[in-house]
Amino acid sequence: EEGRKVLDDQLDRLVPPLGTYPPAIHEALRYTLLLPGKRLRGNLVLAACELLRGRRENALPFACAVEMVHASSLILDDLPSQDNATLRRGQPVLHRVVGEANATLAAVALLNRGFGVTLENSLVREKVCNEAGEVLSRAIGTEGLIGGQVVDLESTGKEVDLDGLEYIHSHKTGALFMAAAELGVLASGGKVRDREALSLYAKNLGLAFQITDDLLDYSGDPKVTGKDAGLDRDKTTFVNLCGIDGARQLVDDLIDASVGYLLPFGKRSRRLKALAEHVRRRDR
């Protein structure tokens with residue numbers, strides 16, 4: 001909660017205020033970005049940096065960039081051409097408020113701003129900013145989030161095996177989790193072995209997050225989750241592939257594996273362990 005408040009305050013400062021000309025696009029990009037959310041990915045950046053005794057302020061721009069990229073992906077994911085959702089974080093999705101054109105432009109604007117914030121981070125060396133930009137680019141592109149989304153859309157109405165499903169979600173969801181952990185390490189000046197361990201922690205965490213998403217889509221209450229239920233009924237999910245009990249067991253196995261990568265860090269990993277436990281038991 002404390003990390004979420006820090007991120008919310010900083011995100012509000014990093015985008016133009018309401019009324020800035022042209023007002024329609026600034027209203028649109030602020031709408032999804034500033035809706036109350038968990039800020040799990042941004043918190044992951046901050047926690048990874050602090051784990052390695054880095055300064056939070058060095059990581060904050062990278063954390064905000066990840067949240068901007070995530071918000072951009074949510075706007076695009078909700079469009080009629082993608083998931084055709086109606087609710088996001090308990091509110092109407094952006095395209096139902098401002099129309100598809102401005103929603104799409106807002107998504108591009110947030111993506112653009114995310115890279116800008118990354119490269120403008122004056123608290124770390126230019127080399128670190130450049131590498132952070134590369135990390136984000138890989139996470140978003142065809143080898144990451146976009147690649148996973150394409151395969152997910154192509155799989156609608158088709159049977160997908162467990163390996164195929166893991167590919168979709170390790171790219172569509174997991175890639176940004178992994179990028180968040182790597183950005184936290186970069187901001188701290190951490191070593192290669194730290195980056196590898198936290199990337200594996202985040203990979204398992206991201207996949208566990210997606211499986212809990214499938215469970216909530218199947219049995220969650222939209223009044224609690226804040227988004228539509230049953231949107232994935234025409235897709236293979238971990239729930240209809242493994243069953244409810246099997247999916248829950250997968251979550252436990254992934255969270256346990258994720259936490260296992262934190263063992264070398266000892267007590268300093270308390271916050272990252274707490275994030276993992278939050279994913280294990282989340283209801284929204």
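Residues numbered from 1 in each chain as written. Predicted model: local features only at pLDDT ≥ 70, side-chain atom pairs only at ≥ 80, totals over all residues. Heavy atoms only, no water.

A. View of the overall build of the protein chain. Regarding its fold elements, the protein chain presents 14 helices and two strands. For 284 residues, the compact-globule formula gives about 19 Å, and the C-alpha radius of gyration of the protein chain, at 18 Å, lands near that figure. Here the protein chain, with 284 residues, has 53% of them falling under the buried criterion. In the structure as shown, the protein chain presents an accessible area of about 13200 Å², 52% of it carried by carbon and sulfur atoms. Taken as two groups, the 37 positive and 40 negative side-chain charges of the protein chain have centres that lie 7 Å from each other. (Helix = DSSP H or I, 4+ residues; strand = E, 2+ residues; numbered from the N terminus. Rg over C-alpha atoms; globule rule 2.2 N^0.38 Å. Buried < 20%, exposed > 50% of the residue type's maximum accessible area, 1.4 Å probe, protein only. Areas by Shrake-Rupley, 256 points an atom, 1.4 Å probe, with all protein chains shown as cover. Lys, Arg positive; Asp, Glu negative; His and termini not counted. Charge placed at Lys NZ, Arg CZ, Asp CG, Glu CD.)

B. Up close: the packing of aromatic side chains. Inspection of the entire model under this criterion finds one aromatic pair. Ring geometry for Phe177 against Phe209: centres 5.4 Å apart, planes inclined by 45 degrees, an arrangement best described as tilted. Of this pair, Phe177 sits in helix H10 (residues 174-188) while Phe209 sits in helix H11 (residues 192-219), and the two are 32 residues apart along the sequence. There is no split in this pair, since Phe177 and Phe209 are both buried. One Lys or Arg, Arg41, reaches over the ring of Phe209 and ends 5.1 Å from the middle of that ring. Looking at Arg282, its charged tip hangs above the ring of Phe209, at a distance of 3.8 Å from the centre. (Phe/Tyr/Trp six-rings, centres within 6.5 Å; stacked < 30°, edge-to-face > 60°. Lys NZ or Arg CZ within 6 Å of the ring centre and 35° of its normal.)

C. Up close: helix H6 (residues 100-119). The end-to-end C-alpha distance of H6, which contains 20 residues, comes to 29 Å, matching closely the 28 Å that a straight helix rising 1.5 Å per residue would cover. Along H6, the positions that sit buried rather than exposed are Ala103, Ala106, Ala107, Leu110, Gly114, Gly116, Val117 and Thr118. Close packing links the buried residues of H6 with helix H1 (2-14), helix H2 (23-33), helix H4 (56-78), helix H5 (94-98) and helix H7 (126-140). (Expected span 1.5 Å × (residues − 1). Contact = heavy atoms within 4.5 Å.)

D. Here's a closer look at H7. With 15 residues, H7 should cover 21 Å at 1.5 Å per step; its first-to-last C-alpha distance of 21 Å lies within 8% of that length. Of the positions making up H7, those classed as buried are Val128, Cys129, Ala132, Gly133, Val135, Leu136, Ala139 and Ile140. One side of H7 carries all its buried residues, which in axial view fall inside an arc of 160 degrees. Facing away from the buried side of H7, by more than 90 degrees, are the exposed residues Glu126 and Lys127. Check the buried side of H7 and you find it contacts H4, H6, helix H8 (145-154), H10 and H11. (Arc of directions from axis to C-beta.)

E. Quick look at the packing of helix H3 (residues 40-51) against H4. Across the interface, H3 lies against H4 with an axial gap of 8 Å and an inter-helix angle of 155 degrees. As summarised for this structure, H3 and H4 are arranged roughly antiparallel, according to the angle between their axes. Remark: the crossing between H3 and H4 carries right-handed chirality. Of the residues in H4, those in contact with Leu40, Arg41, Gly42, Val45, Leu46, Cys49 and Glu50 of H3 are Arg56, Ala59, Leu60, Phe62, Ala63, Val66, Glu67 and His70. (Axes fitted to C-alpha atoms, helices over the stretch in contact; angles between N-to-C directions. Parallel < 35°, antiparallel > 145°, perpendicular 65-115°, else oblique. Left-handed = near helix turned anticlockwise from the far one by under 90°.)

F. Just the state of the cysteines, in detail. Tallied over the full model, the rule gives zero disulfides. Cys64 carries a free sulfur, and the closest cysteine sulfur to it, the one in Cys49, is 13 Å from it. What makes Cys64 buried here is its relative accessible area of 0%. (Disulfide = S-S within 2.5 Å.)

G. Inspection of the environment of Asp78 at higher detail. By the secondary structure assignment, Asp78 is in helix H4. Remark: the alpha-carbon pair of Asp78 and His95, spanning 17 residues in sequence, is separated by 7.9 Å.

H. Region of interest: the side chain of Glu182. Along the chain, Glu182 falls in helix H10. Look at Glu182 and you get buried, because its relative accessible area is 14%. Of the polar contacts made by the side chain of Glu182, one reaches the side chain of Arg195; its length is 2.9 Å. In this view, Glu182 contacts Val135, Arg138, Arg195 and Ser199; residues no more than four positions away in its chain are not counted. (Polar contact = N/O pair within 3.5 Å; in protein donor to acceptor, adjacent residues only side chain to side chain.)

I. Summary view of the packing of H4 against H10. Across the interface, H4 lies against H10 with an axial gap of 9 Å and an inter-helix angle of 165 degrees. Compared by their axis directions, H4 and H10 come out roughly antiparallel. Of the two possible hands of crossing, H4 and H10 adopt the one that is right-handed. Contacts between H4 and H10 involve Asn58, Ala59, Phe62, Val66, Val69 and His70 from the former and Leu176, Ala180, Leu183 and Ala187 from the latter. Taken together, the residues of the contact of H4 with H10 break down into eight nonpolar, two polar and no charged. (Nonpolar A, V, L, I, M, F, W, Y, C, P; charged D, E, K, R; others polar.)

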